[in-house]
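# Descriptive analysis of the structure
Residues per chain are reported as follows:
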Amino acid sequence: KLSPKNGWHRASAAMAVIQPEGQITWGGAVLPRIETLDPRIRKVALERYYLPKLIEDGYARDPVIGRVIAAAEGRRCQNG
C-alpha cells in the first residue's frame, strides 16, 4: 500500500495526465500555452499556428480544440 512515507507522492506524480494543448510543437519547439500570450496576438497565433498544428496532429474532432479556442478567448471550457 502506498503512503506519503513509502512513495505515494512519486506514484501520483507519475500518473499525472499531460494535456495535449500544453504540448503543441512548431518546428520542434514547444509553443507556450495560448492563454499566456498577449491577448492582442492570441487570435492570429490561434489561426496560424495552434489550430493548424492540432488538426495536423489529429485533434480536429477532439475536445482539445475547444479548450484551446476557449483559452485563446480568455474563458474556461465547460466540456472537456
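Keep in mind that this is a model prediction, so the values were computed, not measured. (Residues numbered from 1 in each chain as written. Predicted model: local features only at pLDDT ≥ 70, side-chain atom pairs only at ≥ 80, totals over all residues. Heavy atoms only, no water.)

## Examining the nonpolar core
Definition in use: Residues belong to one nonpolar core when they are buried, are Ala, Val, Leu, Ile, Met, Phe, Trp, Tyr or Cys, and are joined through side-chain atoms within 4.5 Å. Residue exposure (1.4 Å probe, protein chains only): buried if accessible area is under 20% of the type maximum, exposed if over 50%, otherwise partly exposed. Between two residues, a contact is recorded if the distance between any of their heavy atoms is within 4.5 Å.
Counting 14 residues, the largest nonpolar core has I24, I34, L37, L46, Y50, L54 and V68 as the members making the most contacts within it. Once you skip the residues sitting within four places of it in the chain, V68 turns out to touch E21, I24, I34, L46, Y50 and L54.

## A look at the environment of T36
Convention followed: A run of H or I in DSSP counts as a helix once it spans at least four residues, and a run of E counts as a strand once it spans at least two, with each numbered from the N terminus.
With respect to the helices and strands, the residue T36 is situated in the loop between β2 (29-30) and α2 (42-56). The exposed category is assigned to T36, whose relative accessible area is 56%. For the pair formed by T36 and G74, sequence separation is 38 residues and the distance between their alpha carbons is 9.9 Å.

## Thoughts on the pattern of salt bridges
As a reminder, the rule being used: Any Lys or Arg side-chain nitrogen found within 4 Å of a carboxyl oxygen on Asp or Glu counts as a salt bridge.
Under the counting rule described, the total for this entry stands at 6 salt bridges. One salt bridge in this structure joins R33 and E35, with 2.8 Å as the shortest N-O distance. E35 sits in the partly exposed class, given a relative accessible area of 33%. Taking the shortest distance from any N to any O, the salt bridge between R40 and D38 comes out at 2.8 Å. Residue class for R40 comes out exposed when judged on its relative accessible area of 73%. A residue is classified by how much of its surface remains accessible, and D38, at 32% relative accessible area, is partly exposed. A single network of salt bridges, built from pairs that share partners, joins K53, E56 and D57.

## Observations regarding α2
Rules: Working rule for helices: expected span equals 1.5 Å times residues minus one. Two axes define the bend at a residue: one fitted to the seven residues ending there, one fitted to the seven starting there, and the bend is the angle between them.
With 15 residues, α2 ought to run about 21 Å at 1.5 Å a step, and its terminal C-alpha atoms sit 19 Å apart, in line with that. A bend of about 35° at Y50 is the largest found in α2, and the proline P52 appears one to four places after it. When α2 is considered as a whole, its buried residues turn out to be R42, A45, L46, Y50, L51, K53 and L54. Looking one or two residues beyond α2, the residue adopting positive phi is G58, at roughly 95°.

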